[in-house]
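Listed below, chain by chain, are the residues.
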Amino acid sequence: MSANYEPNIVAFLCNWCSYAGADLAGTSRVQYPPNIQVIRVMCTGRVNPLYVMNALQQGADGVLVSGCHPGDCHYMEGNYYARRRLGMLKDLLEFVGVDPRRFHMSWVSASEGHKWKEVVEKTVEDAKEAGPFEGFRRRQIDW
Amino acid sequence: MSAMLLNKEKWSDFVGMLAGKNLWAPRESDEGLRFVPVAEGEVPTLDYNNTRVPPKEAVFPQTETLFKFKVGGKDLEEPRPDQDAVLLGVRPCDARAMHIIDELFSWDEDDPYYLKRREKTVLVGLACNEPGLNCFCTSVGGGPVSTEGLDLLMVDLGEKYLLEEVTEKGSALIDEVKELLEEADDNSSKQKDKLADEAAGKIKRSIETEGIPAGLPGLWEDELWQRVSASCIGCGTCTFLCPTCHCFDIQDETEGFEARRCRMWDSCMFREYTLHTSGHNPRPTRSERTRNRINHKYSYYVDKFEVIACVGCGRCINLCPVNIDILDILGQVKEEI
Amino acid sequence: MDLDKLRKTAAEVVAREDVRYLLGWKKGTFGYRIAPGFVEDAESAAELIFSPLCTANLATYLTLTEKPPLPRGQEPDDRKVAVMVKGCDSRAVTQLLIEKGIERESVVIIGCPCPGVVDHELLAEKYPETEETAELKWSDKGFLLLQNGEETEIARDELLAEKCRLCRYPNPVVSDIMVGEPVETWEPDDDQGVAEVEGKNAEVRWEYWQEQFSNCLRCYSCRNVCPLCYCEDCILDRLNPTWIYRSVNFSENTAFNLARAFHLAGRCIECGECERVCPANIPLGKLNRKLAREVREKYGFEPGVDPEAEPFQASYKPDDPEEFIL
Amino acid sequence: MSEKPKVGVYVCHCGINIASTVDVEEIASFARDLPNVEVARTYSYMCSDPGQNLIKEDIREHGLNRVIVASCSPRMHEPTFRKTIQEAGVNPYFLEMANIREQCSWVHDDLEVATPKAKKLVAASVAKVRLLEALEETEVDAEPATLVIGAGIAGIQAALDIADAGFKVYLVEKTPSVGGRMAQLDKTFPTLDCSACILTPKMVDCAGHPNIELMTYSEVEEIGGYIGNFDVKVRKKARYVDFDKCTGCGDCANECRVKDRFPNEFDQGMGKRSAVYLPFPQAVPAKYTIDPEQCLYLTKGKCGKAPKCQEVCGVGAIDFEQEDEFVEFKVGAVIVATGFDPFDPSKKPEYGYDDYPNVITGMEMERLVSASGPTGGKITINNGEEEIEPKEVAFIKCVGSRDESVGNEYCSRVCCMYTAKQAHLVREKLPDANIRIYYMDVRAFGKGYEEFYDRVRRENVRYIRGNPSEIFKRGNKLVVKAENTLTSTPVEDEVDLVVLGVGMEPRKEMRDIMDLLRLSQSQDRFFLEAHPKLAPVDTATDGVFLAGCCQGPKDIPDTVAQAKGAASSAMIPLARGKVTISAQVAEVNEATCRGCGFCVEICPYSAIEMVTVNRFGYEIEVARVNEALCKGCGSCSAACLSDSIQPKSFRDWQILPQIAALGAMK
Amino acid sequence: MINKENPYIPYNATVEDTWYETGGERAIKTFKVVFDDENIRKSWEHFPGQCAMIGVLGVGESMISISCSPTEGEFLRFSVMRMGKVTQALHQLEPGDKMTVRGPYGNKFPLDQWQGKHILTIGGGIGQAPMRPVVEYVKSNYDNYGGLTMIYGARTSGDLCFKEEFEEMSKDDQLSCHLTIDIEEEQWDHNVGFVPQILMDLNPSPENTIAVTCGPPIMIRFVLENLKKLGFEDDQIYTTLENRMKCGIGKCGRCNAGNMYVCKDGPVFSYAALKEVPEAFA
Ligand SMILES: Cc1cc2nc3c(=O)[nH]c(=O)nc-3n(C[C@H](O)[C@H](O)[C@H](O)COP(=O)(O)OP(=O)(O)OC[C@H]3O[C@@H](n4cnc5c(N)ncnc54)[C@H](O)[C@@H]3O)c2cc1C
Ligand SMILES: Cc1cc2nc3c(=O)[nH]c(=O)nc-3n(C[C@H](O)[C@H](O)[C@H](O)COP(=O)(O)OP(=O)(O)OC[C@H]3O[C@@H](n4cnc5c(N)ncnc54)[C@H](O)[C@@H]3O)c2cc1C
Ligand code: SF4
Ligand code: SF4
Ligand code: SF4
Ligand code: SF4
Ligand code: SF4
Ligand code: SF4
């Protein structure tokens, strides 16, 4: 992969833990790669696994879903459902040959600004290694 | 028009000479046989019964861009004109099918996309020596050596192919490969007739269509429709893969800042096909949809264009996953009339 | 399988006042074809058969039948529908019960223990079809083919459908009436189809599936035939919002195929119908079975077995696997 | 939704917080070219009054109906700007914030990377804001009453506070008397107040308070509804003693045919009581209760010729015909104060609690030293052979706490102090006894605790660091086997009495309450609070609050503090008289719902129910959301295969364009 | 004019004016539209009864009746009910915004053949959209016709389209205008009752009269019944059909009612012709 390739990553963050954690990273002026764009949802439970697919189809090279640690969900159970659904999705994507480095899920609490940084770095690095994901793009079609 | 002979030994030369012409021929893959552009150096064989997806896709692709535009813009860009194409080994039924839907695409308003492509496409037919299990072309006005719709007909005479010019386009093609050909003699034409008779004789399935177009309207309310459609799963295979089915949908699609309006095959067996936004559906169940499919082919089309819109290729019979068999339905129709 | 008994049972069931019709298998119009039959009276029950050709999963029709607007004042016909089910089919019924797709009281389930059906394509390839309708029976060795007056013994392994090789529930898991004795279950094969794909590296896998998915015609047969795809308005061809464009190309096709498979995760009961009907011969079963295996092995859940189970996609366990989480 | 979206984009400099790393002017000019954007401006501080006025003026002047503020996190100023646009006549939900500070300018230091990223974020916000829908919050009246479940010190305190503020309280206690665990204690650390002296007046107050309806020997059967409007049904168990007639004289208990036959729960089974009983002398209400499982008449149908109690009761209060009674009422808030269970040391067989009568729990010790206890406050113990006054006394701390082997990783927070307290009491009563305390750590974190611990140590109480591994009998002594981890020497200590400093555990019956109120447990199995720091008395169910040890181990001061906190939280909706029902709730499209009930299974708030509707002449089941219960998490929506249930403001057709916008801008 | 080169390519047009006819969930909004291209503006011809595919690029197209008469000027009018994706996008258009138009499609009301006859239009709800051009056409050619009667109804007064025109119409003494709403309302001084009933009350003579009707299916059914009762012959009654359509030029297939393509052979049909088409009233 070309060294200066910058992946485009879409992240879905739950409002209460990970989004707050990302905010904390900001408040603490933690620096991390800019490749990640956040879509805020109330709970990871909201993240329809098809969003992940859709993001890949629409131009994302990698997708991250992040929420509260098990047991800490603001809505008690949302992250458990998300874990199950997205775990299945990961298996499916992997099975059809989507590089597993393109999709990650993480638990980042509101107090884990530093963990957020690590997660972003890992996600970006992985997506970088996996390279541009042109295979599935709508844009690939002769418009 | 004249007829020529091509020794099968020269088949690969023949293909080679046409290589620059955007040549299409059937190729076998996981999905079955399908017409695809011939790859460089590839020598297609013509040893097959028929393709799953009919060659109509070469002139009426499953998805086709009508025009493009920029999101938010207003300038429309029409797609670049299509190349010439030569389809090798089209079965007579499928060529007839194109001939039949030519009517639709050119009545009243011309459909420029279809017609332009049709004009630029040369159909090289291949007579059927071995009809398929559910072929019934002879019942609906076709036959194993029918030339309707074709530009050139090839007949497999064993060691040689007989090439019969049908249209100017066909002759022009022959001119280009003249050097490989030899003039056909009487014998070969006799041979062809014999093969044709034999082939016609091997066709096992048939229906006497007489009376069906006129009789169908009378069966509108018949409970026959309910009966024959009960097990239909509404999958549309029978229509997508029918060489004479031509319905399409039009949709706008965008990706980023690019957008296009395109059309894609649609099927009258789908619920959404006639569904109004209000929720009202003039054909609410599979029974009305099945009735429409049969009526469209065997009655409405006849009313409008004086030809049955079925060429007896047997695809819908072969491929219907639940054995809904158009001949069976027509048989029941005849009984009820 | 004692056909007389089956027909007699069926005749008794359709004769019942509270039964609207019975779904069974009938001989088709040619070759090895089998047609799903809607039996409404006792006489027609005589046409029913049950043979290794009966691949179709009739449970589909339980939810497929449309409900067109009823004219005002007319009461819906809420008599029961009787349905003949093999082992796999019965799991579809059970899964429908789990998902409240049907009510238990609305069906009469006639269980048909199933020694395994054939792969139609293989059969036609090895023993070409003729326009005569052929018969296939279970025999000690496997199958007995009666075609144009000739009998042929065929070994079971030669023709057994893939889904049956992997089947773990040949006997119906739910039924009101059983016809025939339960069959002895067999050790399911390893899923070679899935394993083979898994064995390839990611790029090859991607190419493999791209090739497969590009062939998809988006006819939606796979969805329509699936007993568990019964949404009034499927999101995969909905306009607003558009998840998947209608144009046919590998991007949309991939999205469609993945979404379809995903929606069936933890629901697919591996009846193999989708793969059977796909006119583009896409190996959909591999996708489904891969997910089914993960659901079974990682999450300890098997769809369509226990009607009291919580639906997989609507439940969780605190200790669901999470090693993939950063 | 059919008006044309007219979007205003406001890019904040945030002083230099944003402007130094994001080229705000470029963002604004980029935004101007986005579809439906009418105006895009920058300003130094959008949240300032002039900043907000800028938006308001534009709304007026340009007829904007959608607003994007590209500034700090929505968690910071979303409410501010919602209010701003609302004041200018735009629905407050027509706002999106692009977080270009916390998640952009502050985490990147290069103008070249932060600016393009900010553009994407703005583009995504524009994509979404165009599709947002107007939402209205609704208000419903709140019933000015509270239900308090459990009448330990937590419940009592909360009830009194609320009642004093003038609201009605229904106080429901499972046992025949209020008081809870605290009533069982003798003196309380660190001040050594006598527990009864400080608790009894409160118990009496709460029985007599005009605003408190006390229901002892009662349990909550059903709770429906939502904040402001809970419907409660309480079962008042039959006491078989007429509550109004009983004078509390106790004649019945004295004459009971099975007098003093049964272990007294209040004395931890060490004392005895009759089948008709008052749990303890200061019980409130001072009304007798017949235990239906022990009473001869109630179990056998016969008690001599006639039940003795009935004969002797001067006021004819005994009533064997009594049946459970149900009362229903409405409340606006609920406080759960169901307390704890002491750890059951049978789960640690190595300590021989089940085998040796002279191994007792801290709770038993409380009763043993209590003047009102079974021994009248004298410390005597049966060592298996005889009743003795122990000379050698050992305390073991952390029994059942900080102990993974029994599944309790947490610290029970009172054992350190109460063992110290009890050691002090033993020292007081048996000045010559040898007292040692086996400990892992000493946690004396509270006000006056460290001082108290010092005091006890000075009273010749030996602290041995080490966790005993075994207790066994040798002759008439018990041997405590341990290792002194400070000196690394093994210890075999012969003693007469071992007091196990048992910790606290969640009440065994708490599952019932969880189901009733849709509460969950935290890792330690106590009730889960909404937030461990900022909402420690709230729960995920609006209008339900926690007080006391049901939320986690704590001592009395903390219990009381929390109870007061819960009381004031519960009073918020009551005082306002109204509760606002969030507008961002889920909604079902009944035309496409397939009735599978997945969403019903998933919703953690039981906000969804299946209802029957008529679709074209057929009765079908579809889901319906109770907006008052839904919190808009959207978990239901991701499971709905037909996408029929969608949380407002986070609908698929609002999120998908956001994804598309982010994907499109590579 | 239909783009002969490529009938799928629409013309750009600009919305000149818009207003709401009705409110609510399924509001109806009227658009006055002018082609951007001068030549098209000049050469465009349509006739009452015809429709056009109007659309928003990137969203899609919908078939909508042209609700003005060519006699009104060099513009087009469409009245669109908000239903789904496309109509929703159309509703967001404001003056100055662009839309696309292609057409005109369909046959026409045979107004030439009707010369000298009395014209009776019976409309309900949005069904008045194809009636309006008939009314306007006849109004500008009174000399050629034997008279004009208009019956128009909706559920409530708020659901009536083209309200702003009623006052002027009431002054027109050559036009007999009958408005009705389903249920009594305050300040409503026209008829109250269902359209078919008003028709009966009016009791028009079938003599030398042509009846044209459009509205919800249930209304059409009763209007047809009542017209028959009043003695109208099948060939004196005309109506328009509405089926889902995509191409507008008889190719895409879906709009067929029996062997008729509604987009080409319709949408205007005489009752005599419709009776032959079994699917017409599905
Ligand atoms: C051995 C020991 C010694 C202690 N010594 C001290 C000390 O010296 N100083 C100090 O500050 N703290 C001490 N504590 C801690 C103190 O006991 C607690 O902090 C206090 O009792 C907690 O009160 P509570 O109201 O939360 O719970 P509880 O006292 O347990 O009260 C709960 C009440 O709820 C009732 N209840 C339970 N479930 C239901 C239901 N479903 N429906 C209705 N009612 C129900 C119970 O019957 C009980 O009355 C000691 C604890 C122990 C174990
Ligand atoms: C001849 C004719 C004249 C019409 N005149 C008018 C009119 O003057 N005013 C008016 O408000 N409506 C009119 N309609 C109906 C209008 O076309 C539909 O309401 C509109 O297409 C709904 O599209 P949508 O994109 O909003 O709905 P969606 O559900 O988003 O669109 C789905 C697609 O379905 C098709 N469709 C859905 N319902 C209908 C329908 N009832 N008729 C035709 N196609 C449909 C369209 O192709 C549309 O693109 C007319 C229809 C026809 C056929
Ligand atoms: S192929 Fe068969 S099942 Fe599918 S739509 Fe056609 S008739 Fe119905
Ligand atoms: S209807 Fe069937 S047999 Fe006839 S042309 Fe179509 S696919 Fe072939
Ligand atoms: S059945 Fe096959 S071709 Fe048809 S939509 Fe499904 S995968 Fe595609
Ligand atoms: S997905 Fe395929 S295999 Fe699974 S239940 Fe549906 S039809 Fe059967
Ligand atoms: S999950 Fe969806 S389809 Fe199922 S009941 Fe809920 S809203 Fe309806
Ligand atoms: S959004 Fe959350 S709280 Fe609301 S109904 Fe859905 S699952 Fe329940």
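Everything numeric in this text was worked out from a predicted model, so none of it was measured.

Caption draft 1: Focus on the site of ligand 2. Looking at ligand 2, there are 25 residues lining it, with E:Met63, E:Ser79, E:Met81, E:Lys85 and E:Thr87 nearest. Neighbouring residues of ligand 2 are not confined to one chain but are distributed across chains B, C and E. Separating an oxygen atom of ligand 2 from a side-chain N or O atom of E:Ser62 is a distance of 2.8 Å. Between ligand 2 and the protein, one listed contact pairs an oxygen atom with a backbone N or O atom of E:Met81 at 2.6 Å. Summarising the interface, the protein chains cover 92% of the accessible area of ligand 2, which totals 820 Å² for the free molecule. Going through the elements one at a time, β4 (60-65), β5 (76-81) and α2 (85-91) of chain E are the ones with two or more residues in the shell around ligand 2. The element contributing the most residues to the shell around ligand 2 is β4(E), with five residues. Across the shell around ligand 2, the residue classes break down as twelve nonpolar, eight polar and five charged.

Caption draft 2: Region of interest: the packing of aromatic side chains. Enumeration over the complete set of coordinates arrives at 49 aromatic pairs over all chains. An angle of 90° between the planes, with centres 6.1 Å apart, marks the rings of A:Tyr32 and A:Trp116 as edge-to-face. Note that A:Tyr32 is positioned in the loop between α1 (18-27) and β2 (36-41) and A:Trp116 in helix α4 (residues 113-130), a separation of 84 residues in sequence. The same class applies to A:Tyr32 as to A:Trp116, namely buried. With a centroid separation of 6.0 Å and an interplanar angle of 45°, the aromatic rings of E:Phe109 and E:Trp114 are classed as tilted. Both residues of the pair, E:Phe109 and E:Trp114, belong to the buried class. Put simply, the rings of B:Phe60, B:Phe105, B:Tyr113, B:Tyr114, B:Phe240, B:Phe248, B:Trp265, B:Phe270, C:Tyr220, C:Phe256 and E:Tyr8 pair up and form one aromatic cluster. Sitting over the ring of A:Tyr19, A:Arg40 keeps its end group 5.7 Å from the ring centre. Here C:Lys200 stacks its cationic end above the ring of C:Tyr208, 4.2 Å away from the centre of that ring.

Caption draft 3: Main features of the domain arrangement of chain C. All names here are of chain C. Partitioning chain C into structural domains gives domain 1 (3-178) and domain 2 (192-312). Taken over C-alpha atoms, the centre of domain 1 sits 23 Å from the centre of domain 2. Facing the 24 residues of domain 1 at the interface are 27 residues of domain 2. A buried area of about 2,200 Å², summed over both sides, lies between domain 1 and domain 2, and 51% of it is on carbon and sulfur atoms. If you sort the residues of domain 1 by the area they bury against domain 2, Arg91, Gln95 and Ile98 come out on top, with a joint share of 26%. Put simply, domain 1 and domain 2 have three salt bridges between them. Across the salt bridge formed by arginine 267 and glutamate 99, the nearest N and O atoms sit 2.5 Å from each other. Here domain 1 and domain 2 share ten residue pairs in polar contact (both at pLDDT 80 or more) between them. Secondary-structure elements contributing two or more residues to the side of domain 1 that touches domain 2 are α2 (60-64), α3 (87-98) and α6 (162-165).

Cut-offs used in this document
- Residues numbered from 1 in each chain as written.
- Chains lettered and ligands numbered in written order.
- Predicted model: local features only at pLDDT ≥ 70, side-chain atom pairs only at ≥ 80, totals over all residues.
- Heavy atoms only, no water.
- Near = heavy atom within 4 Å.
- Polar contact = N/O pair within 3.5 Å; in protein donor to acceptor, adjacent residues only side chain to side chain.
- Areas by Shrake-Rupley, 256 points an atom, 1.4 Å probe, with all protein chains shown as cover.
- Helix = DSSP H or I, 4+ residues; strand = E, 2+ residues; numbered from the N terminus.
- Nonpolar A, V, L, I, M, F, W, Y, C, P; charged D, E, K, R; others polar.
- Phe/Tyr/Trp six-rings, centres within 6.5 Å; stacked < 30°, edge-to-face > 60°.
- Buried < 20%, exposed > 50% of the residue type's maximum accessible area, 1.4 Å probe, protein only.
- Lys NZ or Arg CZ within 6 Å of the ring centre and 35° of its normal.
- Domains from an automatic or database assignment.
- Contact = heavy atoms within 4.5 Å.
- Buried area = accessible area lost by both parts, 1.4 Å probe.
- Salt bridge = Lys/Arg side-chain N within 4 Å of Asp/Glu carboxyl O.

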